[in-house]
Amino acid sequence: MDINRREFLKLIGGGGAAAVIFSACGVPEEELYFQSPNKLPEDQVTGIDNWYATLGSNGEGLAIRIMEGRAKKVEGNTDYPVNIGSHSISSEAELQMLYHPDRIQAPLVRKEGTNRGAEKWEEISWSDAYKRIASQLDRLGKSKSSVVSKPLRGRAGSVLSAFANEMGNKEIIFTAFDDSNVLSALQKITGSHNMPKFDIAHSDLLLNFGMDMFNSNHSEAMFGRLYGQFRDAPRGTLYQIESRLSLTATNADEWIYCKPGSQGLIASSIAYVLISKNMIKTDLAKKLNIQDLKQYSPENVSSITGMSEEKIEYLAKKLSEAKHPLIIGGDEASASSNGTSSVEAIYALNVLLGNINKEGGIIINPDSPLDDLGGSRFEGNYKKTLDLVSNIKSGSVNSLFINDIDLNYYLPKSLDFKSALSKLELIVSFNSFVDDTSKYADIILPLNTQFESWGNDVPSIGPGYQVVGFQQPVVKSQFSHKGKYSGTKDLSDIIIELSDEIGVKNKYSGKKMKDILMEDAQVLWKLNRGSITAADFKSFWNGVLSRGGWWDINSKVKNNVQSNMTNWPKVQTLKFSNVSGKDSFHLVPFRTKVGDGSFAKSPWLQGLTDPLTTIAWETWVEINYDLAKKMKIKEGDIIEISNSNNESIKAAAYPNPSVSPEVITVPVGGGQESGSYTKNVGSNVYSILDVQLDDNIGTHAWAATKVKIRNTGNNIAIPKFEGRFEELKRDPHNHVIKITTSDSDDNDHH
């Protein structure tokens, strides 16, 4: 029978019955995993494509088109609850990561007699690499090692954590845009340790304090889908409150400027108006003492926040009139020294309005059906990273395992992390690429990319019911032709094999990642409920892989959630770096389509123009248009941006009327020193951020830096689509090239 791709995706999304039918019809089991060898004979071209379900690195469900053993196209899995058929641009870029020419093809060891950073490597076998590491750890002591990693999703995080614990240390999770204070605040507000669902689709008024949904740490496709439903009739209204005109702000009904870090004061002022003017009658409104909130009255906070008294009262009135109001916040709002207290005040508005676990409000996500595998949004703690640097410099840490996180790029210059690396006696990097940190490693253990790996995932923001996604390799490792002693491997398999070699035992010892995932699937099968049920485990396993995961739409938190709040959160005083004067500005970094910089390796994403400025392949600084005129700064002028330590970067000026005179904004992702498509491209704004912490839980206050600027006098043409393009010169009178009769077609030529 003829079947098109969309019908096929519907078929594989048909549930447990479909999976069992596949099995009963005699489809070979391997057909449900991945197809054919990497190296095919030149004459073996079938022209037949296959589609396989897996997960993206951001937790989106994907369907990958495979032809002749090669991944060709990425689509969203129409059945997966997080993104329901849509997918983010970062998921599309996974293909470039898979076929990237800079990928490491085998374990590497630094050549004997060469200095770290010289990038002189020799290929070795996996067994040789493990033995070298084991020998060094026997000499140095396992307890003096440390493990630092990017946030890991699903069971891969459990494997890494077990390894670090058995070595005698807790793993350190690092992320550049640290928003663990959002998780902390939500847990305090809702009483749940799971990140809730924001029911944007059913809200009629969305008040967003700084969260850039369309350049998000979470699934942008999920936010985009919810926003599309939000805009359907009856049309919802979005107010965006932040200091920068973000991509989300451009999609809002109204962008409302506020000074950086002042969002918590605005939220508290709105609460004061709601209660003092008897606009609401909820339980919390009755409990709160209005005198405790008086310090946040509009007249008291207006000058501090940059928002007028009338606007604060207007927003309070709109919230009280809405049937399904929703208040969210994050990113810039959580990135100041008072980030935790600000975010608590922002989300407390939802409790005040009585919309917790109600349609159009904040929906509590249930616990995972896998007891020891919670929501996969494990965030970093910047304070722990600072402690690590101190411990390395003091000698209490002498060996470091780094998993796919470029600390030398992300950490500010003032920490001098490169100097700390030189004090270590052993550096082991798990990475697919040589980056600004792994180039200083002694041994690099190369990783499979997303589409070559096994894994699973509990969504960081679930859909309001239990979901466990399953990730399968849709192609063989690109370097499997190098043999089993070389090539690349899954991170989890590497850690388990290394653990066995160095004598570290835990519950994952002796297993493969696929075995661990099958154990998780056994637990789900025995529940006998949800999207897939089957008479035998083999049919269930096939169904999970073909559908991309398991979920149960009936596993919702149905009871009314009662918040323990009795007092309004006290918003702490803001702290900024000690930079002042008429040429001083708040520095607000922001993400672009290369994310936090980890996807800058993709030339496709580098060349994808910024939606607001149309700039590509460059680091720019947005500055107020009128102020730039006064300072005699024009587009393309090279601006030196300096922090309180006199550390500086340079960026091309982009005067913008939507930028406040108090603020300059710079995109992250540029200024990397390694890589074919990242070296010498732009400047690294992370390097000049202050080491300022959130007062409560130690997250990085990455929007709390103040800087000075100086026009260097140099100018470049910014690469962008926007602007004037001169028409090509014309020569209607043939003055440049004279046409003679010999050039005419009237003459005969023989």
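This text follows the structure it describes.
Residues numbered from 1 in each chain as written. Predicted model: local features only at pLDDT ≥ 70, side-chain atom pairs only at ≥ 80, totals over all residues. Heavy atoms only, no water.

Some details on the sheet that holds strand S19 (residues 549-552)
In space, the three strands of this open sheet follow the order S17-S18-S19, with antiparallel pairing throughout. Single-partner strands in this sheet number two, and they are strand S17 (455-457) and S19. Ignoring which end each strand starts from, the neighbouring axes of this sheet average 15 degrees apart. Sheet topology places strand S18 (residues 466-471) next to S19; four bridges connect them, and they run antiparallel. Opposite Gly469, over in S19, you have Gly549 as the bridge partner. The sheet contacts of helix H20 (residues 513-527) involve S17, S18 and S19, and relative to S18 the element is tilted by about 150 degrees. (Pairing = 2+ DSSP bridges. Helix = DSSP H or I, 4+ residues; strand = E, 2+ residues; numbered from the N terminus. Axes fitted to C-alpha atoms, helices over the stretch in contact; angles between N-to-C directions. Contact = heavy atoms within 4.5 Å.)

Describing the packing of aromatic side chains
Counting across every chain of the model gives 21 aromatic pairs. Note on Tyr409 and Tyr686: the rings are 5.5 Å apart at their centroids and 80 degrees apart in plane angle, and the pair reads as edge-to-face. One end of the pair, Tyr409, is in helix H17 (residues 407-410); the other, Tyr686, is in the loop between strand S24 (663-667) and strand S25 (705-715), and 277 residues separate them in sequence. Judged by its relative accessible area of 2%, Tyr409 falls in the buried class. Overall, the relative accessible area of 4% leaves Tyr686 in the buried class. Members of the aromatic cluster, each reached through a chain of ring pairs, are Phe174, Phe177, Tyr382, Tyr409, Tyr410, Tyr686 and Trp702. Stacked on the ring of Phe590, the Lys or Arg Arg244 has its end atom at 3.5 Å from the ring centre. Note that Arg591 overlies the ring of Phe177, its terminal NZ or CZ placed 4.7 Å from the centroid. (Phe/Tyr/Trp six-rings, centres within 6.5 Å; stacked < 30°, edge-to-face > 60°. Buried < 20%, exposed > 50% of the residue type's maximum accessible area, 1.4 Å probe, protein only. Lys NZ or Arg CZ within 6 Å of the ring centre and 35° of its normal.)

Focus: helix H5 (residues 126-140)
Under the 1.5 Å per step criterion, the end-to-end length of H5 is 21 Å for 15 residues, consistent within 8% with the ideal 21 Å. Considered for burial, the residues of H5 that qualify are Trp126, Ala129, Tyr130, Ile133, Ala134, Leu137 and Leu140. Angular distribution of buried residues about the axis of H5 spans 135 degrees; they occupy a single face of the element. Seen from the buried face of H5, the exposed residues on the opposite side, beyond 90 degrees, are Asp138 and Arg139. Among the structural elements, strand S6 (145-149), strand S14 (399-403), strand S15 (426-431), strand S16 (443-446) and helix H19 (491-502) are those in contact with the buried residues of H5. (Expected span 1.5 Å × (residues − 1). Arc of directions from axis to C-beta.)

Some details on the pairing of S6
Where a strand is regular, its side chains alternate between the two sheet faces. Most of S6 sits out of view: five of its five residues are buried. Burial along S6 is two-sided: Ser145, Val147 and Ser149 facing one way and Ser146 and Val148 facing the other are all buried. Summarising the sheet, S6 and S14 pair through five bridges and their orientation is parallel. Looking at S14, one finds that Ser146 is bridged to Leu400. In terms of strand pairing, S6 meets strand S7 (residues 172-173) through two bridges, oriented parallel. The residue bridging Val148 from the neighbouring strand is Ile172, located in S7. As for the winding sense of the linkage, the β-α-β connection from S6 through helix H6 (residues 155-166) to S7 is right-handed. (Right-handed = clockwise from strand over helix to strand, strands pointing away.)

Examining the sheet that holds strand S2 (residues 61-67)
Taken in spatial order, the three strands of this open sheet run S1-S2-S3, and their pairing is antiparallel. Two strands bound the open sheet, and with one partner strand each, they are strand S1 (49-55) and strand S3 (70-76). With direction set aside, neighbouring strand axes in the sheet form an average angle of 30 degrees. Here S2 pairs with S3 via six bridges, running antiparallel. Among the inter-strand pairings, Ile64 is bridged to a residue of S3, identified as Val74.

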